[in-house]
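Structure assessment
One-letter residues, chain by chain:
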Amino acid sequence: MKKILFIFLSTILLTVNAQDYFSQVSCNFDSDWCNFTPNKYFIRYTGSSPSITSGPTEDRTGDSFYALCNGKLLLDQNEKCVFSQNVSLASETDLKFWYHMSGAHIGTLEVILNETDIIWSLSGRQKNEWLEAKIQLPIGVYSLEFSANRSTSGRSSCDIALDDIYLEGQP
């Protein structure tokens, strides 16, 4: 009887531990941050960004929320807007997301694994529209992080936005 109970408890512990590292990655920010955890600088926003010279006028589909890094809040040039979550993938999987980087002092948007491994990066002013990025996430258990900052030349006109993050195979 003790052996059966021990095996059963071991299975439960492994299941709970696995759930800590597997979550829904896809997110459109319409109702919340999904399973991402933002720092104090990334905010969910709707409508035109607070800066009249950078940032989107609406979310990618035109009717709801997006994640906004309001660069004016970054007082120190080393501060960053960050949101992240723990992920566990059994196979390489495509990650797609939409970004908006239009303004005179746009910094860098990065996708980072385990706080140090930059797997995608883009810097500077892009088109004044939502653009799509696609990257392949590796097999493994890791922290998936989106990080944005402003340029070193100023705090105005530097909003970076993200919307409609989609992991292949998830709704």
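Below, the structure is looked at part by part.

What counts, and where the lines are drawn
Residues numbered from 1 in each chain as written. Predicted model: local features only at pLDDT ≥ 70, side-chain atom pairs only at ≥ 80, totals over all residues. Heavy atoms only, no water. Salt bridge = Lys/Arg side-chain N within 4 Å of Asp/Glu carboxyl O. Helix = DSSP H or I, 4+ residues; strand = E, 2+ residues; numbered from the N terminus. Buried < 20%, exposed > 50% of the residue type's maximum accessible area, 1.4 Å probe, protein only. Disulfide = S-S within 2.5 Å.

Our focus in this paragraph is the pattern of salt bridges. The full count for this structure, using the stated rule, is three salt bridges. The residue Lys80 makes a salt bridge to Glu110 at a minimum N-O spacing of 3.9 Å. Placement of Lys80 in the loop between strand E3 (65-69) and strand E4 (81-89) and of Glu110 in strand E6 (residues 106-113) is noted, with a sequence separation of 30 residues between them. A salt bridge links Asp94 to Lys134; the shortest N-O distance between them is 3.4 Å. In this pair, Asp94 is assigned in strand E5 (residues 93-101) and Lys134 in strand E8 (residues 131-137), connecting sequence segments 40 residues apart. Using a relative accessible area of 16% as the deciding quantity, one classes Asp94 as buried. On the accessibility criterion, Lys134 (52% relative accessible area) is exposed.

This part covers the state of the cysteines. Within this structure, the stated rule accounts for two disulfides. Paired through a disulfide, Cys27 and Cys34 show a sulfur-sulfur distance of 2.2 Å. Note on the Cys27 and Cys34 pair: the S-S dihedral is about 80°, so by sign convention the disulfide is right-handed. Overall, the relative accessible area of 4% leaves Cys27 in the buried class. Look at Cys34 and you get partly exposed, because its relative accessible area is 30%. In this model Cys69 forms its disulfide with Cys81; the gap between the sulfur atoms is 2.1 Å. Its S-S torsion of approximately 70° makes the covalent link between Cys69 and Cys81 right-handed.

These values are about where atoms sit, not about what they do.
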